Amino acid sequence: MASLLALRQLLGPGSSEITSSQFHTSSIVLAQLRRKSKKPSDKPSSPPRTRLAKSLQPTGKAKRLGKLEIAPSRPEFKRDAVPHEGLAPQQRQSPPRRRTTSESRSVPKHRAPTDDADAEAQVKNWAIKAHSERVDRRKAVARQPPVAQSNPLEEEFDLSAPAASSSKDLPIQFSSPPLMPGLLQSLQETLGKEARPTAIQASSMKHLFNERVEGEKYKEFLLASETGSGKSIAYLLPVLQDLKLTEHNQSSTVAHHSSRKPLNPRALVLAPTHELSRQLASFAKSLSHVIKLRVMCASKANTPSTAKSSGTASKMKGKFEGAGVASDAEFVISKSSRGSRPVDLLVGTPMKLLEMERGRGWNWEERARERAMRIGKVKSEEHEDIKGEDGGNKEPPREFWVDEPEMGLENVQWVVVDEADVLFDPDFQESTRMLLADIAAARGSPVPVIPSSALSSTPDSEATATSIQSISYPFNFLLTSATIPTSLATYLSNYHPSLTRLASPRLHHLPPTLRTEHTSWTGGNKNADIERRIRRVWAEDALVHSKTATGPGPIKLSKLLVFCNKRSKVEQLAAFLDDRGIKCVALTGGAEARKRGSNHHLDGFLKTGGPVPMGPGVCDPAQTPHVLVTTSLLSRGLDFSPMIKHVFIVDEPRNMIDFLHRAGRAGRAGEAGKVVVFGRTKGRGSGRTDEVKQRVRAVAG
Ligand SMILES: Nc1ncnc2c1ncn2[C@@H]1O[C@H](COP(=O)(O)OP(=O)(O)OP(=O)(O)O)[C@@H](O)[C@H]1O
């Protein structure tokens, strides 16, 4: 109850809807009322570029097959949130307004003293009149009944669609379902003994630990819930438990298939970035240390796969072997265990895993051709022939070689696609689907490879609908994300009609403990505005410290995450802040620091199980970085430290999906947080800011 009150306090009027047990019912009624009362002209304009799925209900021919289950609302995390609200120093009274240039101009310079006095009195009267008009206007606005906030995403994503959900059936404790003792022990060591499952974890425990249903060989599930709601645990627990239970059944298969490849994982987790892969591998390792499963991260180094930097397969193996157990989640195969003790869980990006499976260099030729085409160097064959006959200097054909594959896929029982909307977007989907198809083929049940152009088309006629051939992978297939765009929902409905969708009631909303603030540029130097806001955060921390500290000691200043849209902006802002005595980490896609093959470049920002660093200078933002400036690169999946209470969004978010992920790096696991969105409140661009405000309000509700 205490946490309910705290949340209501944080969220203000209307928050009872999301924190009380009536949330689900009331949101259904509200959504129905809104739909009934809405005229077509009331429709909010569609979000730019990416659209969120309107419903997770399967569409088209899938309508009869798939299931959707929405977990009932419940207080997500056990511990009470500590609100950051109300601790900010009172805002200074705004200084007396100066005369505008037009006002000054309206008073003639050379006048008789009486004229001057008159003019001044007149200006004063105008000012008083204008002020009283402003006050009246504000009062009138305050008197108006609050207008119900229309939520554009409610139009996009309709959770009130008929769903079979029953709060009675969902486990309320981690010990409720048959979670094996070793796994429960590691979980309690990681989260504390008091931890209770979140909505999505409870749903996953209900469905993913079940024995397989007769006739259904493999599980196919989508887990969809807001950022920071514990999806990693929701999929890792069932996967790890199953891997442990089937460890011995597997050994015969492993021996049979174990080919000559050094790695034969039984489960794969795909993630879009190396940083996320490393963090997930590290987390999976901490969950599996008691049950003794082997977890490995494929993202050893973030080096590009070019011929120049290549090594042979044996060199690669040598690197793995020689490295020992690396500091963060790079678990390596020792010579003695190779072949006899396969890796249980391997985490990596689809490209990296493909490279391990097909051999380093498998796509060099194709990439070189693409590159040549891009720079206009490809000539037609006839042209080359003529040139050859003419004795022109024909370049010798470049030779490409492919290293030996390091990984066999025959034993893969589970595939988890984390951040599924990214891994099925145009940038990643080719490698993701290629890898999935390779696993299916390696396991003896090849699947059709659908051309990308046909992927997200909606079947509009009966004939088209029947021509779509659903895909049935010969392994357990889990997808997870905090946002489900229409393209992914359509793809899943078309090609995975029997997939069960598990959703939390706050999907496509900000976490309840994350507050929003809109702040206006002053019209001067934007970097200086950002600096000022950062220093205000630290002033608030100092105030809290002065009220709560029991003895002398350094003030622990919170850390901040600043999201920009462009690399150049990241570099420029970081340089400005550094100049002003605020040490920053600036991280963009091409940063040198990313090539080191560890997450040390994010030390102090990412959540780790290890001890919090102490020592001189650690609490001083001039000596230890307290600000991380980045692009959307780090907006996906990464679990940031609870020390990050503020996320600054200084460029207009590209779409609401991007916004939800960026903002969701704070306010995780029930921690209090704030997202500060910068924009213009006056003049050019203020219209866009208003639009952003409305959208943000909608996802915050
Ligand atoms: N039941 C729980 N009780 C307390 N803390 C939890 C619980 N489940 C997860 N956590 C913690 O919540 C944090 C966020 O978890 P996780 O990274 O899995 O969220 P997520 O839903 O995957 O977020 P995102 O969508 O941003 O990837 C982690 O630090 C995790 O340890």
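The name that an unreviewed UniProt entry assigns to the chain is RNA helicase, with the source organism given as Suillus luteus UH-Slu-Lm8-n1.

We now examine the overall build of the chain. Secondary structure summary: the chain contains 23 helices and 14 strands in total. Taken over 701 residues, the chain has a buried fraction of 38%.

Turning our eyes to something else, we now look at the sheet that holds strand β13 (residues 644-649). Spatial strand order, β9-β14-β13-β10-β12-β11: six strands in an open sheet with parallel pairing. With one partner strand each, in any of the chains shown, β9 (514-520) and β11 (584-587) form the two edges of the open sheet. Averaged over all pairs of adjacent strands, the angle between strand axes in this sheet comes to 20°, irrespective of strand direction. Alignment of strand β10 (residues 559-563) against strand β12 (residues 627-630), held across four bridges, turns out to be parallel. Opposite Leu-561, over in β12, you have Leu-628 as the bridge partner.

We now examine the site of the ligand. Around the ligand, the surrounding shell holds 22 residues, and the nearest of these are Thr-227, Gly-230, Lys-231, Ser-232 and Ala-669. Ranked by the residues each element gives to the shell around the ligand, the list is headed by helix α9 (residues 231-245), at three residues. In terms of residue class, the shell around the ligand is made up of seven nonpolar, nine polar and six charged.

Before going further, it helps to examine the nonpolar core. If you look at the biggest cluster of nonpolar residues, it comprises 127 residues, and the most contacted ones within it are Leu-345, Val-347, Val-415, Val-562, Val-629 and Phe-648. In terms of residues, this core owes the most to one element, α9, which gives eight residues.

In this fold, Lys-285 is placed in helix α11 (residues 274-288). For Lys-285, a count of 22 C-beta atoms within 10 Å gives the class buried. Here the alpha-carbon distance between Lys-285 and Ser-203, two residues 82 residues apart in the chain, equals 23 Å.

Right, let's get into the packing of helix α7 (residues 181-191) against α11. Packing of α7 against α11 leaves a shortest axis separation of 7 Å and a crossing angle of 125°. One element, α7, and the other, α11, form an angle in the oblique class. Contacts between α7 and α11 involve Leu-183, Ser-186, Leu-187 and Thr-190 from the first element and Ser-286, Leu-287 and Ser-288 from the second. When its residues are assigned to classes, the contact of α7 with α11 shows three nonpolar, four polar and no charged.

Relative to each other, helix α8 (residues 199-208) and α9 sit at 20°, their axes nearing to 8 Å. Viewed along their axes, α8 and α9 adopt a mutual orientation that is roughly parallel. With respect to the hand of their crossing, α8 and α9 are arranged in right-handed fashion. Contacts from Ile-200, Gln-201, Ser-204 and Leu-208 of α8 reach α9 at Lys-231, Ile-233, Ala-234, Tyr-235 and Pro-238. A per-class count over the contact of α8 with α9 returns six nonpolar, two polar and one charged.

Let us now look at the pairing of strand β6 (residues 414-418). Burial within β6 is extensive, with five of its five residues counted as buried. Residues Trp-414, Val-416 and Asp-418 line one face of β6 and the alternating positions Val-415 and Val-417 line the opposite face, and both faces are buried. With four bridges connecting them, strand β3 (residues 267-270) and β6 associate as parallel partners. Each residue of the ladder has a partner; that of Val-269, found in β6, is Val-416.

Although it is not a glycine, His-508 adopts a positive phi angle of roughly 65°. With respect to the helices and strands, the residue His-508 is situated in the loop between β8 (500-503) and β9. Non-glycine residue Ala-669 carries a positive phi angle of around 50°. When the 20 C-beta atoms within 10 Å are taken as the criterion, Ala-669 is described as buried.

Turning our attention to the sheet that holds β6. Ordered in space as β1-β8-β2-β7-β6-β3-β5-β4, the eight strands form an open sheet in which the pairing is parallel. Only two strands of the sheet have a single neighbouring strand rather than two, namely β1 (67-70) and β4 (295-297). When strand polarity is set aside, the average angle formed by the axes of neighbouring strands in this sheet is 15°. For β1 and β8, the ladder comprises four bridges, and the chain directions are parallel. Directly across from Lys-67, in β8, lies its bridge partner Thr-500. On top of the sheet, α8 reaches β1, β2 (220-224) and β8; it is set at about 150° to β8, its chief contact.

What follows covers α9. Given a rise of 1.5 Å per residue, 15 residues ought to cover 21 Å, and the 22 Å separating the end C-alpha atoms of α9 matches this to within 8%. Of all 15 residues that make up α9, 12 are buried, and the element is covered over most of its length. Restricting attention to buried positions, one finds in α9 the residues Lys-231, Ser-232, Ile-233, Ala-234, Tyr-235, Leu-236, Leu-237, Pro-238, Val-239, Leu-240, Gln-241 and Leu-243.

Of note, Leu-435 is situated in helix α17 (residues 429-442). For Leu-435, a count of 26 C-beta atoms within 10 Å translates into the label buried. Distance in space between the C-alpha atoms of Leu-435 and Ser-203 is 28 Å, their sequence separation being 232 residues. With near-sequence residues (within four places) excluded, Leu-435 lies in contact with Pro-350, Leu-353 and Leu-354.

Further remarks concern helix α19 (residues 486-495). Extensive coverage of α19 is indicated by the burial of seven of its 10 residues. Turning to α19, its buried residues are Leu-488, Ala-489, Tyr-491, Leu-492, Ser-493, Asn-494 and Tyr-495. The elements touched by buried residues of α19 are β2 and α16 (420-423).

What follows is about the confidence of the model for the chain. Close inspection of predicted coordinates is inappropriate for parts of the model with low pLDDT. Mean pLDDT over the chain works out to 76, with 65% of the residues at or above the 70 mark. A low-confidence stretch, residues 98-111 stays under pLDDT 50, and its non-local contacts, those more than four residues away or across chains, total five contacts. For this predicted complex, the interface confidence score (ipTM) comes to 0.99, while the overall pTM stands at 0.74.

Our next topic: the pairing of strand β7 (residues 476-481). In terms of burial, β7 is largely enclosed, as six of its six residues are buried. Neither face of β7 is exposed, since Asn-476, Leu-478 and Thr-480 on one face and Phe-477, Leu-479 and Ser-481 on the opposite face are all buried. Examined bridge by bridge, β2 and β7 share five bridges and lie parallel to one another. Within β7, the position partnered with Phe-221 by the bridge is Leu-478. As paired elements, β6 and β7 share five bridges and run parallel to each other.

Definitions and limits used
- Residues numbered from 1 in each chain as written.
- Predicted model: local features only at pLDDT ≥ 70, side-chain atom pairs only at ≥ 80, totals over all residues.
- Helix = DSSP H or I, 4+ residues; strand = E, 2+ residues; numbered from the N terminus.
- Buried ≥ 20, exposed ≤ 12 C-beta atoms within 10 Å, placed from the backbone.
- Pairing = 2+ DSSP bridges.
- Axes fitted to C-alpha atoms, helices over the stretch in contact; angles between N-to-C directions.
- Near = placed C-beta within 6 Å.
- Nonpolar A, V, L, I, M, F, W, Y, C, P; charged D, E, K, R; others polar.
- Core = buried A, V, L, I, M, F, W, Y, C linked by C-beta atoms within 7 Å.
- Parallel < 35°, antiparallel > 145°, perpendicular 65-115°, else oblique.
- Contact = placed C-beta atoms within 7 Å.
- Left-handed = near helix turned anticlockwise from the far one by under 90°.
- Expected span 1.5 Å × (residues − 1).
- pLDDT = per-residue confidence, 0-100.

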